[in-house]
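# Examining the three-dimensional arrangement
Okay, here's what each chain looks like letter by letter:
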Amino acid sequence: MRIILTEHFIEKLEERGIDEGMVYRKLEHARPKSIRKLPEPYDAFEVSYYWMKNERLIVNLLLFLPDSIILITAFIRSENNGN
């Protein structure tokens, strides 16, 4: 799978203190907790993974079949309050 980064994705990882390598490991080796199709743009998805206790890693991406994804953004969401 080829992973293409956007400038926005890189900036947000740094701003939010998320380890880029961990995001790659989750995408390539972990089973998602959920996958949700986003309304726009076409072929955009929100994929969530267990992160730490009571937290999820959310990754928004564009899917280009058969072998590429473009990472749009990533953030951590607490499972306690839905933020």
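Anyway, here's the lowdown on the structure attached to this text. (Residues numbered from 1 in each chain as written. Predicted model: local features only at pLDDT ≥ 70, side-chain atom pairs only at ≥ 80, totals over all residues. Heavy atoms only, no water.)

### Here we look at unusual backbone geometry
Here the phi dihedral of Asn54 falls at roughly 65°; this positive angle occurs in a residue that is not glycine. Examined against the element boundaries, Asn54 turns out to sit in the loop between strand S3 (44-50) and strand S4 (55-64). Overall, Asn54 belongs to the partly exposed group, its relative accessible area being 34%. (Helix = DSSP H or I, 4+ residues; strand = E, 2+ residues; numbered from the N terminus. Buried < 20%, exposed > 50% of the residue type's maximum accessible area, 1.4 Å probe, protein only.)

### As for helix H2 (residues 20-29)
Taken as a whole, H2 has its buried residues at Val23, Lys26 and Leu27. Within H2, the buried residues cover an arc of 95° as seen down the axis, which keeps them to one side. (Arc of directions from axis to C-beta.)

### Some words on the sheet that holds S3
In spatial order, the strands read S1-S5-S4-S3-S2; together these 5 strands make up an open sheet with mixed pairing. The open sheet has two edge strands, strand S1 (2-5) and strand S2 (34-37), and neither has a second partner. For this sheet, the mean angle separating the axes of adjacent strands, direction not counted, is 35°. Examined bridge by bridge, S2 and S3 share 4 bridges and lie antiparallel to one another. Residue pairing for S3: Lys37 is matched across the bridge by Phe45. Each of S1 and strand S5 (68-78) is contacted by helix H1 (residues 7-16), which is oriented at about 25° to S5, the strand it contacts most. (Pairing = 2+ DSSP bridges. Axes fitted to C-alpha atoms, helices over the stretch in contact; angles between N-to-C directions. Contact = heavy atoms within 4.5 Å.)

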